[in-house]
Amino acid sequence: MEILALIFIVFIASSIQSGTGFGFSILATPFFLLLFNFADAIQLNIIISLIISAAMTFKIYKDIDFHILKRLVVGSLIGVIPGLLIFIYTDVRPLKIIISLLILVLTILLIAKIKIKRSNGKDFLTGTFSGLLTTSIGIPGPPILIYFSGVQVDKATLRSTTLAFYILIYSLSLLLQFFLNGISEVVLISTLSAIPFVFFGLIAGQFLFSRLNQERFQKIIYVLLFTTGVYLLFSV
């Protein structure tokens with residue numbers, strides 16, 4: 001039953017990730033936490049997200065905004081170490097409450113059509129927060145989604161740039177966790193069981209992406225951000 005639940009979660013979340021460039025961590029992590037302990041759930045999420053991002057980015061390479069990507073990556077390098085220390089040594093509950101409230105407030109502002117003016121500094125800061133959330137709670141997406149939505153990045157650039165960033169940030173996060181905390185047998189077995197259904201999900205997600213216009217794409221962002229905020233608030 002646990003394997004069937006894992007397969008179903010991975011397929012649905014992979015489809016959303018493939019169709020939008022985000023959403024796997026947001027959708028999968030709450031359910032992974034019902035099946036596994038906290039550390040295993042976060043690591044499983046990171047590994048599968050890395051596989052998805054690597055598989056997709058090669059195909060949509062041409063849409064990546066490398067100028068933004070560079071600043072996101074540099075910023076993330078500042079956030080990953082504090083996030084990892086939180087993951088290993090501290091109680092993440094206060095962080096989850098703060099992040100959840102922030103996500104909910106910013107999502108409401110985005111729905112109200114509040115716009116963000118893009119700058120190099122904001123690119124950098126977004127990467128820092130995303131790096132911190134990746135290594136602490138395994139969910140790097142909200143800072144990027146909020147920022148890209150606020151500056152109104154088109155859906156193709158958002159998807160491809162986000163996925164390229166995930167490859168780098170997830171790889172670094174996984175490497176750090178491996179050396180400092182190890183990877184359990186449960187995570188390895190679960191990953192191997194889920195991989196075929198990751199690729200089925202990627203195929204389904206490509207079908208979804210071709211049928212999303214910019215307005216619908218934006219609405220999906222709002223729903224996923226709001227879902228993340230509520231989940232983090234009530235999972236404490």
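Before any of the text, the structure's been laid out above.
Values in this document were obtained by computation on a predicted structure and should not be read as measured data.

Visitor: Where do I start with the side chain of T126 in this structure?
Guide: Residue placement: T126 occurs in helix α6 (residues 120-137). Looking at T126, the relative accessible area reads 8%, which means it is buried. Aside from chain neighbours lying at most four places away, what touches T126 is L72, P143, I144 and Y147.

Visitor: When you look at a nonpolar patch on the surface in this model, what are you seeing that I'm missing?
Guide: A grouping of F8, F11, I12, F200 and I203 is seen on the molecular surface, where their side chains present a nonpolar patch of about 510 Å² in accessible area. Counting only elements with at least two residues in the nonpolar patch, the list comes to α1 (2-20) and α9 (185-209). Among the elements that take part in the nonpolar patch, α1 stands out by supplying 3 residues, more than any other. With respect to the element layout, F8 can be found in helix α1. Using a relative accessible area of 56% as the deciding quantity, one classes F8 as exposed.

Visitor: When you look at the packing of aromatic side chains in this model, what are you seeing that I'm missing?
Guide: One pair of aromatic rings is described through two measures. These are the centre distance and the angle between the planes. Scanning the entire structure with this criterion turns up 4 aromatic pairs. Between Y147 and F148, the aromatic rings sit 6.1 Å apart at their centres with planes inclined by 35 degrees, giving tilted as the arrangement. The pair formed by Y147 and F148 is uniform in burial state, with each residue classed as buried. Between Y166 and Y170, the ring centres sit 5.4 Å apart and the planes meet at 55 degrees, which makes this aromatic pair tilted. Separated by 4 residues within a single helix, Y166 and Y170 lie in helix α8 (residues 155-181), roughly one turn from each other.

Visitor: Looking at this structure, how should I read the environment of M56?
Guide: By secondary structure assignment, the location of M56 is in helix α3 (residues 38-57). Given the relative accessible area of 5%, M56 is considered buried. Residues M56 and I144, spaced 88 residues apart in sequence, show a C-alpha to C-alpha distance of 18 Å. Apart from the residues lying within four places of it in its own chain, the contact partners of M56 are Q17, S18, R159, L163, L202 and Q206.

Calculation notes
- Residues numbered from 1 in each chain as written.
- Predicted model: local features only at pLDDT ≥ 70, side-chain atom pairs only at ≥ 80, totals over all residues.
- Heavy atoms only, no water.
- Helix = DSSP H or I, 4+ residues; strand = E, 2+ residues; numbered from the N terminus.
- Buried < 20%, exposed > 50% of the residue type's maximum accessible area, 1.4 Å probe, protein only.
- Contact = heavy atoms within 4.5 Å.
- Patch = residues over 30% accessible without salt bridge, like charges linked within 9 Å, V, L, I, M, F, W, Y side chains within 5 Å.
- Areas by Shrake-Rupley, 256 points an atom, 1.4 Å probe, with all protein chains shown as cover.
- Salt bridge = Lys/Arg side-chain N within 4 Å of Asp/Glu carboxyl O.
- Phe/Tyr/Trp six-rings, centres within 6.5 Å; stacked < 30°, edge-to-face > 60°.

Shape descriptors only; they carry no functional weight alone.
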